[in-house]
Every structure is written in C-alpha cells, then in structure tokens.
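Structure assessment
Here are the chains, one letter per residue:
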Amino acid sequence: MNTALPWIAQIFGMFGMIALFWSYQQNQRKRLIAGKLAADVMWVTHYLMLSAVGGAIPNFVGIFRELVFMNRDKKWASLPVWPVIFILINWTLALSKASFPLSFLPIGASTFVTISLWAKKPKVTRWIGAGVSAAFIIYDCFVHSWIGIINESVALISIFTALVREYSSQKEKS
C-alpha cells in the first residue's frame, strides 16, 4: 500500500468532517441533508483509501439517499418505500462485501441515519445522529480512521450544541 494513501485519506475525511459539522448546525431540513450529502462523498473516498469497505458502503448508498430525501417535497421522492429501499441496499452490499464482523456496525448505524433523515424534524435527526456517531467511533478505531474518530467526536459536540441552543431558544419563548 502506498504510504501516502492513509494520509490523503485523512484529508478527505477532514473535508467530510467540515461538511458534517456544518450540516448539523442547519435548521432547514434541506440544508442539513445537503451537508450530509457533501460529507458522504468525502467519506466514501476516505474509507475506500483505507480499504474499509464497511465504512464506505453506507456513505456510498447515502449519496443516493440524500439526493432522494432532498426532493422529498416531490411526489416521487415522498414515497415511504424509499427508506426501506436504502436500508435493504445497505444490508445487501454489506452481506456481499463486508470483510469482518465489525463491518456491520456502520451498516447498522446507517439504518438509523436513513430513518433519521426521513424524519421531517431536524431535532429527531440530531438525536439519532448522536447514537450513529458513537457506533462509528468504535468502527473508526478498528480501521485506523483517526479523522473519523475526531469527526464523530466533533459531530457529537455539534449535535449537542444544536440541541442545547434549541432547548434554550424554546425555554426563552415560554
């Protein structure tokens, strides 16, 4: 393996981290999903460069998922079958390509991401995102995705910051 490849992978992960951090700060669902889409593109590249197929699969499927979910206001994209389709694609790819049991951790996490992004409330997306980040931290430790560990830690901070900000805003209104 090229010794520069893991370092280049971390750079792609850093851009993915920036996009994800930005997405969790959005109050509009479409903008949150757009940030997630940009992050998924970067994370696919990152995980493939690390030969971590289990991490690449849900991000690859996520690209198409976010494209559909961004258009949820259109009839074709609002069909409730979409989350099921994306969850099935994730698990099918994982069962055919996963190289070790821990590879299923990101796939399970992606199942919850799909559900959270289908939800119409950013608050629900954030809460579920917290559990997903915890699962990815474990996976990232095993595949040596150092920026992934940092990303998920920052994502947790970003999620909880947004939740605290939203709670404070609601408290001021009452």
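What this report covers is the structure whose coordinates are included nearby. (Residues numbered from 1 in each chain as written. Predicted model: local features only at pLDDT ≥ 70, side-chain atom pairs only at ≥ 80, totals over all residues. Heavy atoms only, no water.)

1. Quick notes on the overall build of the chain
Broken down by element type, the chain carries seven helices and zero strands. Over its C-alpha atoms the chain spans a radius of gyration of 16 Å, differing by no more than 12% from the 16 Å that the globule rule assigns to 174 residues. Among the 174 residues that make up the chain, the fraction classed as buried is 47%. Of the contacts formed within the chain by residues at least 6 apart in sequence, a portion of 70% connects residues at least 24 apart. Looking at the chain as shown, the accessible area adds up to about 9000 Å², and 74% of this sits on carbon and sulfur atoms. A gap of 8 Å separates the mean positions of the 16 positive and 7 negative side-chain charges of the chain. (Helix = DSSP H or I, 4+ residues; strand = E, 2+ residues; numbered from the N terminus. Rg over C-alpha atoms; globule rule 2.2 N^0.38 Å. Buried < 20%, exposed > 50% of the residue type's maximum accessible area, 1.4 Å probe, protein only. Contact = heavy atoms within 4.5 Å. Areas by Shrake-Rupley, 256 points an atom, 1.4 Å probe, with all protein chains shown as cover. Lys, Arg positive; Asp, Glu negative; His and termini not counted. Charge placed at Lys NZ, Arg CZ, Asp CG, Glu CD.)

2. Focus on helix α1 (residues 5-24)
An α-helical turn contains 3.6 residues, so any two residues separated by three or four positions project in the same direction. Compared with an ideal rise of 1.5 Å per residue, which puts 20 residues at 28 Å, α1 spans 29 Å between its outermost C-alpha atoms and is within 8% of the ideal. Buried positions along α1 lie against α2 (29-49), α6 (122-143) and α7 (146-173). (Expected span 1.5 Å × (residues − 1).)

3. A word on the environment of F136
Along the polypeptide, F136 turns up in helix α6. Residue class for F136 comes out buried when judged on its relative accessible area of 8%. Residues F136 and L105 lie 31 residues apart in sequence; the distance between their C-alpha atoms is 7.3 Å. For F136, the contacting residues outside a window of four places in its chain are Y47, P58, P106, A109 and E152.

4. Quick word on the side chain of D40
Looking at the secondary structure, you find D40 in helix α2. When near neighbours in sequence (up to four residues on either side) are disregarded, D40 contacts N59, G62, I63, R65 and E66.

5. Some points on a nonpolar patch on the surface
Where nonpolar side chains cluster on the molecular surface, the patch consists of L79, V81, V84, I85, L88 and I89 and spans about 470 Å² of accessible area. Of note, L88 is situated in helix α4 (residues 81-97). Assessed through its relative accessible area of 53%, L88 is described here as exposed. (Patch = residues over 30% accessible without salt bridge, like charges linked within 9 Å, V, L, I, M, F, W, Y side chains within 5 Å. Salt bridge = Lys/Arg side-chain N within 4 Å of Asp/Glu carboxyl O.)

6. Examining the nonpolar core
Among the nonpolar cores identified, the biggest contains 36 residues, and W43, Y47, A52, F69, L117, F136 and Y139 are the most heavily contacted of them. Within the residue set of this core, elements represented by two or more residues are α1, α2, α3 (53-70), α4, α5 (104-118), α6 and α7. Setting aside residues up to four positions removed in sequence, L117 forms contacts with R29, L32, I33, K36, R65, E66, F69 and T125. (Core = buried A, V, L, I, M, F, W, Y, C linked by side-chain atoms within 4.5 Å.)

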